[in-house]
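Here is what each chain is made of, one letter per residue.
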Amino acid sequence: KRAKCYQAYQHYRNLGEHKLKILRWVVEKEKTPTEISSEIQKDRTTVSRHLNELKELELVDQWPRGRESCYRATEPVRILLEIESLPKGVWNFDKS
């Protein structure tokens, strides 16, 4: 489990702005590409492409829901974002 969290962290810190925004939308609740695209004002095709890349990095899970797929952040990502939301100084990933 620790290895998966560390792997998620490595991928997460290299994500671009749009992928981060999409990832944050699927942390709390599963969503379809159509739902995400309307919430972040991006083209559905672009959102789907980003979600597929996030899935390849094992940052989101995917399953069918009707005619679309549903996505949700994986457990390691949810843990990582929960830790990231802690006040500064409580947790530090990068030991400098």
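Within each chain, residues carry numbers counting from 1 in the order of the written sequence. Owing to the predicted nature of the model, reporting of local features is limited to residues with pLDDT of at least 70; listing and counting of side-chain atom pairs is limited to 80 or more, with chain, interface and lining totals taken over all residues. Only hydrogens and water are removed before side-chain values are computed, so all heavy atoms of the structure are retained for them.

## Structural notes on the pairing of strand 2 (residues 68–73)
Inference 1: In the sheet, strand 1 (residues 60–65) pairs with strand 2 via six bridges, with the strands oriented antiparallel. Paired with Arg65 across the strands is Glu68, a residue of strand 2.
Inference 2: In this scheme, strands are said to pair when DSSP sees at least two bridges between them. Strands are runs of DSSP state E lasting at least 2 residues, helices are runs of H or I lasting at least 4, and numbering of each runs from the N terminus. The turn linking strand 1 back onto strand 2 is made up of two residues, and Gly66 within it adopts a positive phi angle of 65°.

## Some words on the packing of aromatic side chains
Inference 1: Aromatic rings from Phe, Tyr and Trp, with only the six-membered ring used for Trp, were paired whenever their centres fell within 6.5 Å, and each pair was classed as stacked if the ring planes differed by under 30 degrees, edge-to-face if by over 60, and tilted otherwise. Applying the stated criterion to the full structure yields one aromatic pair.
Inference 2: Seen in terms of ring centroids, Tyr6 and Tyr9 are 6.4 Å apart; in terms of plane orientation they differ by 45°. Their pairing is tilted. Residue Tyr6 and its partner Tyr9 are located together in helix 1 (residues 2–12), separated by three residues, close to a single helical turn.

## Remarks on the nonpolar core
Inference 1: To define a nonpolar core, start from buried Ala, Val, Leu, Ile, Met, Phe, Trp, Tyr and Cys residues and group those joined through side-chain atoms within 4.5 Å. Partly exposed residues are those whose accessible area sits between 20% and 50% of the maximum for their type, while under 20% is buried and over 50% is exposed, using a 1.4 Å probe and protein chains only. If you look at the biggest cluster of nonpolar residues, it comprises 21 residues, and the most contacted ones within it are Leu23 and Leu54.
Inference 2: Where this core is concerned, the elements lending two or more residues are helix 1, helix 2 (17–25), helix 3 (33–40), helix 4 (44–56), strand 2 and helix 5 (75–84).

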